[in-house]
Every structure is written in structure tokens, then in C-alpha cells.
Amino acid sequence: TLSHDVEGLRLEILDDGCGFDVSSASQGARSLGLTSMHERVASLNGKVRISSISGVGTRITAVLPVAIN
């Protein structure tokens, strides 16, 4: 979903896949995709949060500080 709230522009991606351990995936060479997401959002002064539960799925939320009139 893409929405706008008091924090700014919010992009949220959800899946009901197998999930993964975010801490483990964020370490080493396996983390290039996650690192890239964090770096791209940070370059726009935003924040990204990734949460995942094994057997349940993953949620990625990115918030960019954007004022919409």
C-alpha cells in the first residue's frame, strides 16, 4: 500500500511467505538487498523497518518525509 500520513509518504509491503530471520539476513554478503533498501531510504531522509516471522511472512515499511498540499 502507498499512503500519506503525518510522518510523510508511507510504502508498506506485506507477504504471507515463509519469513526469515532479519538479524541473520542483515549480516554478511547475504544482506546486500536489505542494506540497499536501508541506504536508499536513508538518502531521502526516510526510515525503513523490516519485520518478519518464520512461517508467517514479512512486512517492509518505508516512510519518506514528504509534504503533500
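Please read these numbers as outputs of a predicted model, since none were measured by experiment. (Residues numbered from 1 in each chain as written. Predicted model: local features only at pLDDT ≥ 70, side-chain atom pairs only at ≥ 80, totals over all residues. Heavy atoms only, no water.)

(A) Summary view of the overall build of the protein chain. Of regular secondary structure, the protein chain possesses 2 helices and 4 strands. In the protein chain, the order of α-helices and β-strands from amino to carboxyl end is β-β-α-α-β-β. Counting only C-alpha atoms and orienting by the principal axes, one finds that the protein chain spans roughly 40 × 25 × 10 Å. Of the contacts made within the protein chain by residues no fewer than 6 positions apart, 54% connect residues no fewer than 24 positions apart. (Helix = DSSP H or I, 4+ residues; strand = E, 2+ residues; numbered from the N terminus. Contact = heavy atoms within 4.5 Å.)

(B) The sheet that holds strand β2 (residues 8-15), seen in detail. Spatially, β1-β2-β4-β3 is the arrangement adopted by the 4 strands of the open sheet, whose pairing is antiparallel. If you trace the sheet from one side to the other, it starts and ends with β1 (2-5) and β3 (47-53), each paired once. Between one strand axis and the next, the sheet turns by 20 degrees as a mean value, whatever way the strands run. Across 7 bridges, β3 lies against strand β4 (residues 57-64) in antiparallel orientation. By the bridge assignment for β4, Ser51 is matched with Arg59. On the sheet, helix α2 (residues 32-43) packs against β3 and β4 and is oriented at approximately 150 degrees with respect to β3. (Pairing = 2+ DSSP bridges. Axes fitted to C-alpha atoms, helices over the stretch in contact; angles between N-to-C directions.)

(C) Seen up close, the pairing of β4. Here β4 lies mainly inside the structure; 6 of its 8 residues are buried. Pairing of β2 with β4 involves 7 bridges; the strand directions are antiparallel. If you follow Leu9 over to β4, its bridge partner there is Leu64. As consecutive antiparallel partners, β3 and β4 are separated by 3 residues, and within that stretch Gly55 has a phi angle of approximately 80 degrees, a positive value. (Buried < 20%, exposed > 50% of the residue type's maximum accessible area, 1.4 Å probe, protein only.)

(D) Inspection of α2 at higher detail. Between its terminal C-alpha atoms α2 stretches 16 Å, which fits the 16 Å expected from 12 residues at 1.5 Å a residue. With its phi angle positive at about 60 degrees, Asn45 sits one or two positions after the end of α2. (Expected span 1.5 Å × (residues − 1).)

(E) How the structure looks around the pairing of β1. For β1 and β2, the ladder comprises 4 bridges, and the chain directions are antiparallel. Bridge pairing links Leu2 to Leu11 in β2. Here β1 folds back onto β2, and the loop between the two strands holds 2 residues.

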